[in-house]
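A closer look at the structure
Listed below are the residues making up each chain.
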Amino acid sequence: MIPRDPSPESGIAVLREGYDFIPSRSRRFGSDIFVARVMGREVTCMTGAEAAAQFYTPRRFTRQGALPATTFSLIQDFGSVMALDGEDHRHRKALLLSILAPEALGRLPGLTEHHWRRAAARWAREAEVSLFDAAHEPLTAAITEWAGLALPPEEVRQRAGEFRDMVEGTGSVGPRNWRGHWQRRRTERWARGVIQGIRDGRVGLAPGSAAASIAAHRDRDGRLLDVVTAGVELINILRATVANARWAMFIALALHENPEWRERLADEEWVDPFVQEVRRLYPFIPFMGGIVRQPFRWRGHDFREGDWVLLDLFGTGRDPAAWEEPDKFRPERWRGADWKTQPGFVPHGGGEHAMTHRCPGEWVTVEQMKVIARLMARDIRWDVPPQDLSLPPGRMPALPRSRFRIRVRP
């Protein structure tokens with residue numbers, strides 16, 4: 001028998017404890033699997049590298065119905081690739097991988113550097129900035145330009161704010177979540193207009209650009225995606241990339257907490273290990289949900305069709321069975337290691353990108369993080385004023401209490 005949380009309802013505990021909900025109970029029960037009751041539903045919670053391997057076995061789980069609708073509609077939305085299974089999922093995923101694969105990124109790293117440098121010059125004229133909030137605008141400018149969309153500065157600022165609010169609303173209830181949905185509706189109207197404009201010839205884009213590829217994509221029956229669904233997938237590429245503002249903040253926070261790495265990143269060989277260790281150690285998504293499609297047995301527990309499962313992403317990145325000194329920031333662990341196949345490394349999901357629900361934009365995140373790590377370590381001079389940098393575990397997505405303010409020097 002696997003352990004069972006004695007609480008008759010743990011939904012409030014999930015919101016209060018956030019990233020600690022599954023890890024703390026796993027330690028308490030001495031088990032990497034336990035059962036709880038959340039929002040009136042029984043859920044099996046799993047953590048660790050072995051659990052991740054089970055969770056990301058192809059075709060075993062569906063994401064449909066695995067997260068509250070108020071969360072799912074902000075991070076992906078219905079009709080998107082994340083909501084698909086089987087051949088429909090693989091067909092849509094192939095489109096996104098063709099757009100977001102390393103060989104297709106082309107100018108994106110250069111655009112990211114260009115817009116980040118311009119933003120840093122503006123930040124230097126201010127007394128201090130919240131790096132988390134400020135990072136959204138240059139990332140929006142970079143990804144929209146790369147996708148083929150020529151947006152004026154005021155529209156870049158508007159879209160950046162909308163993307164930020166959507167991500168910020170995912171792990172909350174109440175006003176933050178409501179604002180995210182309000183902003184989502186505005187962005188969806190804009191994205192549908194872009195798709196329709198491309199198809200009508202009113203918006204001219206270079207063939208093969210991300211926006212043009214989405215507008216021209218056909219489903220397995222040879223039909224163009226409806227405008228609503230195509231708009232959702234356009235948002236998924238843009239918003240998910242702008243969400244890298246949180247990783248940008250964590251890069252700077254890691255440099256602040258481990259100042260010796262400012263000098264070490266002068267050596268290009270350390271940039272990728274540094275980025276991967278930031279992805280492993282710092283909290284982004286606390287857990288991922290799945291609904292069992294194909295029954296299986298693990299740890300003596302029978303997973304039946306329709307069962308709800310939560311995989312602990314945050315705790316899996318700190319699994320002592322998979323990582324030596326898991327709570328220490330040690331980029332050295334990544335020298336010679338392949339992050340794409342490392343057991344228990346699931347900040348963007350696990351398994352093969354083409355076969356599972358692993359995020360197709362993972363390479364975008366990695367390449368942008370490398371650019372920002374180089375700039376923040378080598379070229380941009382900045383200081384951190386006194387502030388509260390603690391990370392409340394119940395704040396999802398994670399954010400320091402002070403939103404991480406910095407002073408950029410001219």
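Everything discussed here concerns the structure shown above.
Definitions and limits used
- Numbering of residues starts from 1 in every chain and runs along the sequence as written.
- Residues qualify for local features only when their pLDDT is at least 70, as the model is predicted, and side-chain atom pairs are given and counted only at 80 or more; totals for whole chains, interfaces and linings, by contrast, use all residues.
- As a rule here, side-chain values come from all non-hydrogen atoms in the structure, and water together with hydrogens is ignored.
- Residue exposure (1.4 Å probe, protein chains only): buried if accessible area is under 20% of the type maximum, exposed if over 50%, otherwise partly exposed.
- Labels follow the DSSP assignment, with helices taken as runs of H or I lasting at least four residues and strands as runs of E lasting at least two, numbered in each case from the N terminus.
- Should DSSP find at least two bridges between two strands, the strands are regarded as paired.
- Detection works on a 1 Å grid of protein atoms alone, calling trapped sets that fit a 1.4 Å probe cavities and calling open sets with protein on both sides within 12 Å along at least five of seven lines pockets, with lining residues defined by an atom within 4 Å of a point.
- Grid points are joined across faces, edges and corners, and a volume is the space filled by probe spheres set on the points.
- Classification used: nonpolar for Ala, Val, Leu, Ile, Met, Phe, Trp, Tyr, Cys and Pro, charged for Asp, Glu, Lys and Arg, polar for all others including Gly.
- When a carboxyl oxygen of Asp or Glu is within 4 Å of a side-chain nitrogen of Lys or Arg, the pair counts as a salt bridge.

This brings us to the pairing of strand β5 (residues 287–292). Within β5, six of the six residues are buried, which leaves it mostly tucked inside the rest of the structure. Because side chains alternate across β5, one face comprises the buried residues Phe287, Gly289 and Ile291, and the other comprises Met288, Gly290 and Val292, equally buried. In this structure, strand β3 (residues 61–62) lies alongside β5, joined through two bridges in antiparallel fashion. Its bridge partner being in β5, Thr62 is matched across the sheet by Ile291. Two strands pair when backbone bridges link them, and β5 and strand β8 (residues 308–312) are joined in this way by five bridges, in the antiparallel orientation. Bridging from a neighbouring strand, Gly289 pairs with Leu310 of β8.

Tallying each qualifying case throughout the model produces two cavities of 30 Å³ or more. Estimates place the volume of the largest cavity at around 140 Å³. Considering the residues around the largest cavity, the lining is formed by 16 residues, among which Arg59, Phe61, Met355, Thr356 and His357 are closest to the centre. With three residues, the top contributor of residues to the lining of the largest cavity is helix α5 (residues 86–100). Within this model, the second largest cavity holds a volume of roughly 120 Å³. Residue lining of the second largest cavity: 15 residues in total, with Arg279, Arg280, Leu313, Phe314 and Pro347 positioned closest to the centre. Those elements that place two or more of their residues in the lining of the second largest cavity are α14 (271–281) and α15 (313–316). Looking at the lining of the second largest cavity residue by residue, the classes come out as eleven nonpolar, two polar and two charged.

Note that side chains of opposite charge can pair when their charged atoms are close. The tally for this structure, following the rule as stated, stands at 43 salt bridges. Arg117 is the salt-bridge partner of Asp379, the closest N and O atoms lying 2.6 Å from each other. Highlighted residues: Asp379 in helix α16 (residues 362–379) and Arg117 in helix α6 (residues 108–123), separated in sequence by 262 residues. For Asp379, a relative accessible area of 42% corresponds to the partly exposed category. Here Arg117 falls in the partly exposed class, since its relative accessible area comes to 37%. The shortest N-O distance in the salt bridge between Arg297 and Asp302 comes to 2.8 Å. Given the relative accessible area of 53%, Arg297 is considered exposed. Through salt bridges with shared partners, one network takes in Asp5, Arg16, Glu17 and Arg25.

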